[in-house]
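Coordinate inspection notes
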Amino acid sequence: MPDDTELLAQIGRGDQAAFRTLLDRHARYLYGVAHAMTGNSTEAEDIVQETLVGALASAGKFRGESSARTWLVRILINRVRMWRRTRKSRGLDETTSVTGSLASSSAPVSSGVDAKLDLTQMLAQLTP
């Protein structure tokens, strides 16, 4: 069975089966990270999908300087940042849920989200 680096090379050459294998290996993990960062299952699913589309589009550019999972998490983190900027520009802050009600906690949610982002970045840099 090919490792992730070989899968990415195959994906870069248009191999859909290799993409499916990579998806099977990492999609669940990516969803967990996205859900932890967004607090919303629907948004997490969308962000993972955008991450995988981005990975598919740039698979041939993977340089192998990190693990494939780290590379995928980096793409995901960039997608989460874009998602936050979009929400902020639309006037939706981190304390407003999808239904529009305010969170019951008096602590700012954004600091918790930033802490998760920092933790996610640190975990992504760890070797297995």
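Given the structure is predicted, the values throughout are model-derived calculations rather than measurements.

Here we take up the overall build of the protein. Scanning the protein from N- to C-terminus turns up 5 helices and 0 strands. The linear arrangement of helices and strands in the protein, starting from the amino end, is α-α-α-α-α. In the protein, which comprises 128 residues, the proportion classed as buried is 35%. If you take every contact in the protein between residues at least 6 apart in sequence, the share linking residues at least 24 apart comes to 53%.

To continue, consider helix α2 (residues 16-38). When the terminal C-alpha atoms of α2 are compared, their 29 Å separation across 23 residues is substantially less than the 33 Å that a helix rising 1.5 Å per residue should span. Capping the start of α2 is the job of one residue whose side-chain oxygen sits 2.9 Å from the backbone nitrogen of Ala 17: Asp 15. Trailing α2 by a residue or two, Gly 39 shows a phi angle of about 70°, which is positive.

All right, on to the nonpolar core then. Leu 8, Ile 11, Leu 30, Trp 71 and Leu 76 are the most contacted members of the largest nonpolar core, which has 28 residues in total. In this structure Ile 11 touches Ala 18, Phe 19, Leu 22, Leu 56 and Ala 59, once residues within four positions along its chain are discounted.

One can describe the packing of helix α1 (residues 4-12) onto α2 by two numbers: an axis separation of 8 Å at closest approach and a directional angle of 140°. Judged by the inter-axis angle, α1 sits oblique to α2. Seen along the crossing, α1 lies across α2 with a hand that is left-handed. Listed contacts from α2 to Asp 4, Leu 7, Leu 8, Gln 10 and Ile 11 of α1 are Ala 18, Phe 19, Thr 21, Leu 22, Arg 25 and His 26. Taken together, the residues of the contact of α1 with α2 break down into 6 nonpolar, 3 polar and 2 charged.

Moving on to the pattern of salt bridges. Counted by the stated rule, this structure contains 4 salt bridges. Between Arg 13 and Glu 6 there is a salt bridge; the shortest N-O distance is 3.4 Å. Close ionic contact of Arg 20 with Asp 24 constitutes a salt bridge, the shortest N to O distance being 3.6 Å. You can see Arg 20 and its partner Asp 24 sitting in helix α2, 4 residues apart, about one turn around the helix. Taking relative accessible area as the criterion, Arg 20 reaches 47% and is therefore assigned partly exposed.

Attention now moves to the packing of helix α3 (residues 41-58) against helix α4 (residues 68-89). At a minimum axis distance of 9 Å, the contact between α3 and α4 shows a crossing angle of 125°. By the angle class used here, α3 and α4 are oblique. When the axes of α3 and α4 are compared, the crossing they make is right-handed. Residue-level contacts link Glu 43, Ile 47, Val 48, Glu 50, Thr 51, Gly 54, Ala 55 and Ser 58 of α3 to Trp 71, Leu 72, Ile 75, Leu 76, Arg 79, Val 80 and Trp 83 of α4.

Turning next to the packing of aromatic side chains. Overall, the coordinates contain 1 aromatic pair when judged by the stated rule. One cation-aromatic arrangement involves Arg 69 over Tyr 29; the distance from NZ or CZ to the ring centre is 4.0 Å.

Another point: the environment of Thr 38. Here Thr 38 lies in helix α2. A residue is classified by how much of its surface remains accessible, and Thr 38, at 13% relative accessible area, is buried. For the pair Thr 38 and Val 80, spaced 42 residues apart in sequence, the C-alpha to C-alpha distance is 7.6 Å.

Here is what the cut-offs are and how they apply
- Residues numbered from 1 in each chain as written.
- Predicted model: local features only at pLDDT ≥ 70, side-chain atom pairs only at ≥ 80, totals over all residues.
- Heavy atoms only, no water.
- Helix = DSSP H or I, 4+ residues; strand = E, 2+ residues; numbered from the N terminus.
- Buried < 20%, exposed > 50% of the residue type's maximum accessible area, 1.4 Å probe, protein only.
- Contact = heavy atoms within 4.5 Å.
- Expected span 1.5 Å × (residues − 1).
- Polar contact = N/O pair within 3.5 Å; in protein donor to acceptor, adjacent residues only side chain to side chain.
- Core = buried A, V, L, I, M, F, W, Y, C linked by side-chain atoms within 4.5 Å.
- Axes fitted to C-alpha atoms, helices over the stretch in contact; angles between N-to-C directions.
- Parallel < 35°, antiparallel > 145°, perpendicular 65-115°, else oblique.
- Left-handed = near helix turned anticlockwise from the far one by under 90°.
- Nonpolar A, V, L, I, M, F, W, Y, C, P; charged D, E, K, R; others polar.
- Salt bridge = Lys/Arg side-chain N within 4 Å of Asp/Glu carboxyl O.
- Phe/Tyr/Trp six-rings, centres within 6.5 Å; stacked < 30°, edge-to-face > 60°.
- Lys NZ or Arg CZ within 6 Å of the ring centre and 35° of its normal.

Purely geometric numbers; function is a separate question.
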